[in-house]
Amino acid sequence: MEAVSIPVIDLQKFPGQSAEILKACKEWGCFRIINHGIPDKLMTDMKQVVRALFDRPLEIKRRNIDVIEGSGYRAPNQKNPLYEALGLYDMGSSEAVETFCTQLDASPQQREVIKSYSKALHELIMELCGKLAEKDDCVGGLEVMDKPSGEYIAVDPLPRSLCVNLGDMATVWSNGAFCNIRHRVQCKQAAIRISIALFLLGPKEAVVEAPQVFVDSNHPRLYKPFTYEDLRKLRISTGLHAGEALELMRLGNDP
């Protein structure tokens, strides 16, 4: 049986790969990007800084409080004894980055790395959003669902690449054309796995709905207008995840 792997998008080949990135969004909701312009040294330095921050005493890590529910420090617990997380809610805000660094007693050098990485990643994700809007050496464990088979496949580490997963907002914005990928992390070996995730969230109060270019007589509007905050609160109140809560936002369905 031929191995299945997620698509790889080379950002240096745009606009030649416009069709490939749209296909990846529609069929997978997930892709890997290479030649993204973020220096190898910055990526390595950021991983080292993150590891150092997790080595801080518990009382310091607990200063990383929630901005919204679930956005701050998460300690290992009985359900997830091997999972620990720190949260920077708005990586695009210099004030939020400064607050995060102060909470965790980051050194001047660590602050500079965090600021540089935050700026680079925020600019990259905005560049990717622009491309989608145009219409033209590590520990593994991440797995994504292969849509046709319903089975999870491994996303093996690929040095110097970044993995992009689409979420609920991409599905709503595209009127259902783009997939919101199901994914999970499996513990496959006795080693520390550092994951640095950036989430691009919708504006808390702005109404989210698909632009008219995605809506016509053959593709009627699928979702009622709502705000990101509406969806976040619905997910918390229902305990639903991975697109399940979004189904309640379809026209004709009531939360």
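Residues numbered from 1 in each chain as written. Predicted model: local features only at pLDDT ≥ 70, side-chain atom pairs only at ≥ 80, totals over all residues. Heavy atoms only, no water.

Could you clarify how one ought to interpret the UniProt feature "domain: Non-haem dioxygenase N-terminal" (unreviewed entry) in the protein in this entry?
Under the UniProt annotation, the feature "domain: Non-haem dioxygenase N-terminal" (unreviewed entry) is placed at residues 6–76. End-to-end, the C-alpha atoms of residues 6–76 are 30 Å apart, and along that stretch the chain is 41% helix and 11% strand. (UniProt positions renumbered as here; feature names shortened; annotations may be inferred. Helix = DSSP H or I, 4+ residues; strand = E, 2+ residues; numbered from the N terminus.)

Even after reading the chapter, I still don't get the nonpolar core, so can you show me in this structure?
In a soluble, globular protein the nonpolar side chains are often hidden away together inside. Grouped together as the largest cluster of nonpolar side chains are 39 residues, with contacts concentrated most on I21, F31, I33, I38 and I114. Among the secondary structure elements, those contributing two or more residues to this core are α1 (18–27), β2 (30–34), α2 (40–54), α4 (94–103), α5 (108–134) and β5 (162–165). A per-element tally of this core places α5 first, with nine residues. With sequence-adjacent residues up to four places away left out, I114 is seen in contact with M46, V49, L53, V97, F100 and C101. (Core = buried A, V, L, I, M, F, W, Y, C linked by side-chain atoms within 4.5 Å. Buried < 20%, exposed > 50% of the residue type's maximum accessible area, 1.4 Å probe, protein only. Contact = heavy atoms within 4.5 Å.)

Can you walk me through the environment of P76 in this structure?
As for its position among the elements, P76 is in the loop between α3 (58–61) and α4. Residue P76 is classed as partly exposed on the basis of its relative accessible area of 43%. Each C-alpha atom, one on P76 and one on D40, is 30 Å from the other, the two residues being 36 residues apart in sequence.

I keep staring at the pattern of salt bridges and nothing clicks. Help me out?
Opposite charge on two side chains permits them to pair, given that their charged atoms come into close proximity. Applying the stated criterion across every chain yields a total of twelve salt bridges. Of the charged contacts, one joins E84 and K61 as a salt bridge, the two residues approaching to 2.7 Å between their closest N and O atoms. Here the residue E84 occupies a position in the loop between α3 and α4, and K61 occupies one in helix α3, the gap between them amounting to 23 residues. The exposure class of E84 is partly exposed, given its relative accessible area of 26%. Through salt bridges with shared partners, a single ionic network connects E98, R111 and K115. (Salt bridge = Lys/Arg side-chain N within 4 Å of Asp/Glu carboxyl O.)

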